[in-house]
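Examination of the molecular architecture
Below are the chains, spelled out letter by letter.
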2 protein chains.
Amino acid sequence: MFSKLFRPVAENSYKIENRFASSQTAVLKSIIKNEPSGPSVKTDIPGPKSIELMDQLKKVYNLGATQYIVNYEKSIGNYVVDVDDNILLDTFTQISTMPIGYNHPALLEVFKDQQNIKSLVNRPALGVYPGMDWPKRMENILGQVSPKLPKITPMMCGACSNENAMKSAFIAHKMRDRGGKEFTSEEKNSSVMNQRPGCPDLSILSFKGAFHGRTVATLSCTHSMYIHKLDIPSFSHWPIATYPLYKYPLEENKRENDEIDRKCLEEVEELIDKNKKVCPVAGVIIEPIQSEGGDNHASPEFFRKLQEICKKNDVALIIDEVQTGCGPTGKFWCHEHFSLPHPPDIVTFSKKMQMAGFFHSDEMTVQQPSRIFNTWMGDPGKTILLETIIDVIKTQNLLDQVERSGKRMYSGLQQLQNEFPELLHSLRGRGTFIAINAHGTNLRDAIIKNLKKNGVQSGGCGHEAIRHRPALVFQEHHVDIYLDILRKVLRDLSESK
Amino acid sequence: MFSKLFRPVAENSYKIENRFASSQTAVLKSIIKNEPSGPSVKTDIPGPKSIELMDQLKKVYNLGATQYIVNYEKSIGNYVVDVDDNILLDTFTQISTMPIGYNHPALLEVFKDQQNIKSLVNRPALGVYPGMDWPKRMENILGQVSPKLPKITPMMCGACSNENAMKSAFIAHKMRDRGGKEFTSEEKNSSVMNQRPGCPDLSILSFKGAFHGRTVATLSCTHSMYIHKLDIPSFSHWPIATYPLYKYPLEENKRENDEIDRKCLEEVEELIDKNKKVCPVAGVIIEPIQSEGGDNHASPEFFRKLQEICKKNDVALIIDEVQTGCGPTGKFWCHEHFSLPHPPDIVTFSKKMQMAGFFHSDEMTVQQPSRIFNTWMGDPGKTILLETIIDVIKTQNLLDQVERSGKRMYSGLQQLQNEFPELLHSLRGRGTFIAINAHGTNLRDAIIKNLKKNGVQSGGCGHEAIRHRPALVFQEHHVDIYLDILRKVLRDLSESK
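Residues numbered from 1 in each chain as written. Chains lettered and ligands numbered in written order. Predicted model: local features only at pLDDT ≥ 70, side-chain atom pairs only at ≥ 80, totals over all residues. Heavy atoms only, no water.

Under an unreviewed UniProt entry, chain A has the name (S)-3-amino-2-methylpropionate transaminase and belongs to Psylliodes chrysocephalus. Taken verbatim from the UniProt record of chain A, the Sequence similarities (unreviewed entry) comment is "Belongs to the class-III pyridoxal-phosphate-dependent aminotransferase family." Regarding chain A, the UniProt comment filed under Cofactor (unreviewed entry) reads as follows: "pyridoxal 5'-phosphate". (UniProt positions renumbered as here; feature names shortened; annotations may be inferred.)

Have a look at this one:
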């Protein structure tokens, strides 16, 4: 199926104009109407108009991470268009937050409804005064996509969702300890002054390489890059276990990788045991794929055994699906790939879901008011968008599309890894949530830079991974365009080496 | 001016039907068209339809704090309408987040614009790929309402804004310590594992009675109520100073209150000194009025001297204007009442501002990317609403309206406090951001409950305060309606005592 795409091409015959010949026909099958037939790069990126606006923005704003200025009106489907009219095929989608691409017609339709507009302009305190549509909307989301958990708590962003998931684990732990007894006066009085026993020594166990957010407590569970953490005080005694880092390809390294699993799980148990007397572990927080830390995968067996350890020790298992959730792995939740015997205690979400929050068990549902709480408790506008997104994913079978596009991308990247072993290694992924490593950070950064020059917006993670985070509407012909451009970039880099 | 309203009325002649006679004429001057002429209560609250929907919601959601279900379509201006068609005059406005009332026509107009709709459906990562309208929007907001600070960092909610304000203070402190030197390898490596020196022992000084959010680190600065804090681990060594708690009326207790100021400031200095060797204070976080902790006010002199202490000790002054910002005190920012000789280092905002974030000095602007950062870095849809809100506030002179309504409310409450000294005391406030205490929590709760029965949505804070948080479109005739109902409630309670 890749014969045309991967047939060796004499360097000189490779012309930009012909690059999309094969995809021109495929465009006819496009899910998204009016998508361009391929990328088109007219200026340096950032181009002159981007630079002008960035200079303006620099005066009022920290611009450190800004790449260029987007024309969100013109962007469409899988193509992001910048203010200099460069059209980029987007495999990164706003750090993985655009599930059905730019300006999807179903989403544009949503706010033609006057009632939905009223949901935008009346900022409700949903924990105290929910609107009349709220019960149905919450039921609908739970009914359609909850990972078998009965309750939902909406929040505003991924970090806050993880903060409140951790708080739920702490509260559940202490409620169990308390065995139905009332809070003591000592607990009440000491808590107000940040002291024991009201504010107890409890911990969350996290993993090396993890990313769970940039608020202070989620940073204590984040260990992907020093730049996120430097100079910020931390809960220095919260235990940090080793996340399995496998050798690839998996099928050639099974014995070794199984041994890695065994050792990591042993460490988790040891850390839980060791902390029992000093600072008990109330929860384990883990990503199904470490998505900022380098797209590090752990096996389904690892997760099943981790859950077993958590259950045995009365520790809440918090699965952070902020980046993996909402379909990119080919299942709605990545942890569905693991066939866990029980649902996790808490599953947190944000990004592609537009709204943030967490699903949780009854045990993780805090009974008293004001404990897991804030002013807004979610956002009706984002919830309406999510409902539409879920509808589009279901009616258009986009999870199947992810599977098909993912397979095509995986095989294509495998072929490129075989052709350019001096550049690429360790291909891995689920659905289109695929990563491949370059040999070193500099090379990885050069690939990403050259992809952009040639019309592809991509992203890195960890020290040397290229991570793919396309929308769920990224189809086979988009894969072909991407692979075709990547091949050119790799060939150029290989020749210049 | 209150002669009609406060003329003693024989109990029997007090009729519900006549209650709004005086305000009927005033309605003609209403800023908001189509507002009801007054509240109307038809059922218990929650009524049967609310209860039905709450039962439905209870299955999927922690309902602990929910009061009733709102019909956001029918709610208008200063009136919140519930699903049972009860119409309540709203002095609480969704925990103080609705600056220009329900369904304001200017806000409903905003999303008729197709370009603004596109801002809603394309979830941008604003730190990396801002839209072409973003520089102008940020400039516009800064130019119009920044409290003399040159930079803005948008966030998603109040707690995240405070988390990142605190992080900015930590980073600025360490950058100053480092004196331009690069991070050491030891700092980099230790930070990833939550250890010193990369994750240093630094603290934020907060005040007893303060509320800065419910994430774990902002909870370490929150001391208003034990229920927020119980069972959550805390930074137990962060210093907590005493917030001045004045005797009222202020004019009769000046000497005593000045002494309170002096003692509190002395304590702040002592705590900063004491912590210098153990866990230096990088920032002081303070509300201009402690808004959850009981509407506790501190004097302008207190704030000026606090800033002096901060400057002397190289400590960042973070003013948390999440609840006080956006006009309710009669100035756009409450701390403008204090005539500080310099702007604060950081001012955080959320709630009425619709978008969240913080304004900051150049010194508090973190240079490196990814340190003060997250995926979304704000929300274009909320920013567009804020721009419209600022426009309405300016063109309709709503800050003057707040002054006028505030004065009327203050005098009216003063009169009621004089009439019912066995029920009320310690009236205080700025603009319409006014509170009055009841003698004890039970009485306060009874007043709030009875206000609701009689058509007023109000709110409490601290242990015995009734806090007023009306919208900026709360006019003199709304004040009259409110005071009239409050008088009835107080009279009934007084008689039943």
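1. Quick word on the overall build of chain A
When helices and strands are counted, chain A shows 17 helices and 16 strands. Relative to the globule expectation of 23 Å for 497 residues, the C-alpha radius of gyration of chain A, 24 Å, shows essentially globular dimensions. In terms of overall dimensions, chain A has C-alpha extents of about 80 × 60 × 45 Å along its principal axes. Looking at chain A as a whole, 67% of its 497 residues qualify as buried. A separation threshold of at least 6 residues defines the contact pool for chain A, and within that pool the share at least 24 residues apart is 73%. Counting only carbon and sulfur atoms, one obtains 50% of the accessible surface of chain A, whose full area is about 17,800 Å². (Helix = DSSP H or I, 4+ residues; strand = E, 2+ residues; numbered from the N terminus. Rg over C-alpha atoms; globule rule 2.2 N^0.38 Å. Buried < 20%, exposed > 50% of the residue type's maximum accessible area, 1.4 Å probe, protein only. Contact = heavy atoms within 4.5 Å. Areas by Shrake-Rupley, 256 points an atom, 1.4 Å probe, with all protein chains shown as cover.)

2. What to know about the domain arrangement of chain A
Residue and element names in this part refer to chain A. Along its sequence, chain A is carved into domain 1 (31-103 + 396-435 + 445-483) and domain 2 (127-179 + 187-377). Computed from C-alpha atoms alone, the centre-to-centre distance between domain 1 and domain 2 is 29 Å. Counting residues at the interface gives 25 residues for domain 1 and 25 residues for domain 2. Of the roughly 2,000 Å² buried between domain 1 and domain 2 on both sides combined, carbon and sulfur atoms contribute 56%. Looking at the side of domain 1 facing domain 2, the largest losses of area belong to R428, R430 and F433, adding up to 34% of the total buried there. Run the count over domain 1 and domain 2 and you get 2 salt bridges. (Domains from an automatic or database assignment. Buried area = accessible area lost by both parts, 1.4 Å probe. Salt bridge = Lys/Arg side-chain N within 4 Å of Asp/Glu carboxyl O.)

3. Regarding helix α16 (residues 441-453) of chain B
The terminal C-alpha atoms of α16(B), which comprises 13 residues, lie 18 Å apart, in line with the 18 Å expected from a rise of 1.5 Å per residue. Within α16(B), burial applies to L443(B), R444(B), I447(B), I448(B), N450(B), L451(B) and K452(B). (Expected span 1.5 Å × (residues − 1).)

4. A short note on the sheet that holds strand β1 (residues 79-81) of chain A
Residues and elements named next belong to chain A. As summarised here, the arrangement of the 3 strands in space is β1-β2-β14, forming an open sheet in which the pairing is mixed. Each of the sheet's edge strands pairs with one partner strand only, and the pair in question is β1 and β14 (456-457). With 2 bridges joining them, strand β2 (residues 87-90) and β14 adopt parallel strand pairing. Bridge pairing links L89 to V456 in β14. Contacts between helix α17 (residues 476-496) and the sheet are confined to β1, β2 and β14, with β2 contributing the most and set at about 105° to the helix. (Pairing = 2+ DSSP bridges. Axes fitted to C-alpha atoms, helices over the stretch in contact; angles between N-to-C directions.)

5. So, the sheet that holds strand β5 (residues 240-241) of chain A
All names here are of chain A. Pairing within the open sheet is mixed, and its 7 strands lie in the order β3-β11-β10-β9-β6-β4-β5. Each edge of the sheet is formed by a strand with only one pairing partner; in this case those strands are β3 (151-155) and β5. Along the sheet, helix α7 (residues 134-145) makes contact with β3 and β11 (356-360), crossing β3 at roughly 115°. Sheet strands in contact with helix α13 (residues 300-312) are β4 (203-207), β6 (281-286) and β9 (316-320), and its direction is about 170° off that of β6.

6. Describing the pattern of salt bridges
For the structure shown, the criterion picks out 55 salt bridges over all chains. Linking R371(A) and D231(B) is a salt bridge whose minimum nitrogen-to-oxygen distance equals 3.0 Å. One end of the pair, R371(A), is in the loop between β11 and α14 (380-395); the other, D231(B), is in the loop between α11 (226-229) and β5 (240-241), on a second chain. The exposure class of D231(B) is buried, given its relative accessible area of 0%.

7. A closer look at the pairing of strand β13 (residues 433-438) of chain B
All names here are of chain B. Burial runs high along β13: 6 of the 6 residues are buried. What you see with β13 is no split at all: F433, A435 and N437 on one side and I434, I436 and A438 on the other are buried throughout. Pairing of strand β12 (residues 424-430) with β13 involves 5 bridges; the strand directions are antiparallel. By the bridge assignment for β13, R428 is matched with A435. Here β13 runs beside strand β16 (residues 465-467); their pairing, made up of 3 bridges, is antiparallel. Its bridge partner being in β16, I436 is matched across the sheet by I466.

8. Structural notes on the packing of α7(A) against helix α3 (residues 48-58) of chain B
The geometry of a pair of packed helices is captured by two quantities: the angle between their axes and the separation between those axes. The geometry of α7(A) relative to α3(B) is characterised by a closest axis approach of 9 Å and an angle of 20° between their N-to-C directions. Judged by the inter-axis angle, α7(A) sits roughly parallel to α3(B). Handedness of the α7(A)/α3(B) crossing: left-handed. Packed against α7(A), whose contacting residues are W134(A), P135(A), K136(A), M138(A) and E139(A), the element α3(B) presents L53(B), Q56(B) and L57(B) at the interface. Counted by class, the contact of α7(A) with α3(B) contains 5 nonpolar, 1 polar and 2 charged residues. (Parallel < 35°, antiparallel > 145°, perpendicular 65-115°, else oblique. Left-handed = near helix turned anticlockwise from the far one by under 90°. Nonpolar A, V, L, I, M, F, W, Y, C, P; charged D, E, K, R; others polar.)

9. A few points about the interface of chain A and chain B
By a widespread convention, an interface's size corresponds to the accessible area lost as its parts come together. Tallying the contact residues gives 120 residues for chain A and 120 residues for chain B. Scanning the region where chain A abuts chain B turns up 6 salt bridges. Where chain A touches chain B, the interface holds 59 residue pairs in polar contact (both at pLDDT 80 or more). With 8 residues, helix α8 (residues 158-178) of chain A is the single largest residue contributor to the side of chain A that touches chain B. (Polar contact = N/O pair within 3.5 Å; in protein donor to acceptor, adjacent residues only side chain to side chain.)

10. Considerations on the packing of aromatic side chains
Applying the stated criterion across every chain, the model contains 27 aromatic pairs over all chains. Relative to W238(A), the ring of F235(A) lies with its centre 4.5 Å away and its plane at 5°, an arrangement referred to as stacked. Taken individually, F235(A) and W238(A) each receive the classification buried, so the pair is uniform in this respect. Ring geometry for F207(B) versus Y243(B): centroids 5.9 Å apart, planes at 85°, classification edge-to-face. Linking F207(B) in strand β4 (residues 203-207) with Y243(B) in the loop between β5 and α12 (254-275), this pair joins segments that are 36 residues apart in sequence. Each member of the aromatic cluster is reached from another via a ring pair, and the members are F170(A), F235(A), W238(A), F170(B), F235(B) and W238(B). (Phe/Tyr/Trp six-rings, centres within 6.5 Å; stacked < 30°, edge-to-face > 60°.)

11. Things to note about the nonpolar core
Counting residues in hydrophobic clusters, the biggest one holds 228 residues, and the most contacted among them are Y61(A), F207(A), F302(A), Y61(B), F207(B) and F302(B). F302(A) has contacts with F207(A), P244(A), Y246(A), D261(A), C264(A), L265(A) and I286(A), leaving out every residue within four places of it along the chain. (Core = buried A, V, L, I, M, F, W, Y, C linked by side-chain atoms within 4.5 Å.)

12. Structural notes on the confidence of the model for chain A
When pLDDT is averaged along chain A, the result is 93, and 94% of the positions lie at 70 or above. Under a pLDDT of 50 for its full length, residues 1-28 of chain A has, in the predicted model, 47 contacts with residues more than four places off or in other chains. (pLDDT = per-residue confidence, 0-100.)

13. Structural notes on the relation of the copies chain A and chain B
Placing chain A over chain B gives an RMSD of 0.0 Å and needs a rotation angle of 180°, together with 0.0 Å of translation along the axis. The transformation relating the two chain copies, once decomposed into turn and shift, fits a two-fold axis. By residue overlap, the copies meet face to face through one surface: 100% of the interface positions of chain A are interface positions in chain B. (Least-squares fit on C-alpha atoms with pLDDT ≥ 70 in both.)

14. Some points on helix α8 (residues 158-178) of chain B
Across its 21 residues, α8(B) extends 30 Å between first and last C-alpha, which sits within 8% of the 30 Å expected from 1.5 Å per residue. Just beyond α8(B), the residue with positive phi is G179(B), at close to 55°.

15. Some thoughts on the side chain of N78(A)
Residue and element names in this part refer to chain A. Its place among the elements puts N78 in the loop between α3 (48-58) and β1. Within polar-contact distance, the side chain of N78 engages the side chain of H478 at 3.3 Å. Those residues in contact with N78, other than ones at most four positions away along the chain, are E35, L88, L89, D90, A471, V473, F474 and H478.

16. A look at the pairing of strand β10 (residues 346-349) of chain A
Residue and element names in this part refer to chain A. Burial along β10 is two-sided: the face carrying I346 and T348 and the face carrying V347 and F349 are both buried. As paired elements, β9 and β10 share 3 bridges and run parallel to each other. Pairing of D320 across the sheet is with T348, part of β10. Pairing between β10 and β11: 4 bridges, direction antiparallel. Its bridge partner being in β11, I346 is matched across the sheet by H360. Count of turn residues in the β10/β11 antiparallel hairpin: 6 residues, of which K351 carries a positive phi of about 45°.

17. Some thoughts on the state of the cysteines
Residues and elements named next belong to chain B. Following the criterion strictly, the structure yields 0 disulfides over all chains and no others. C279 takes part in no disulfide bond, and the closest cysteine sulfur, belonging to C221, lies 11 Å away. Its relative accessible area of 3% is what places C279 among the buried residues. (Disulfide = S-S within 2.5 Å.)

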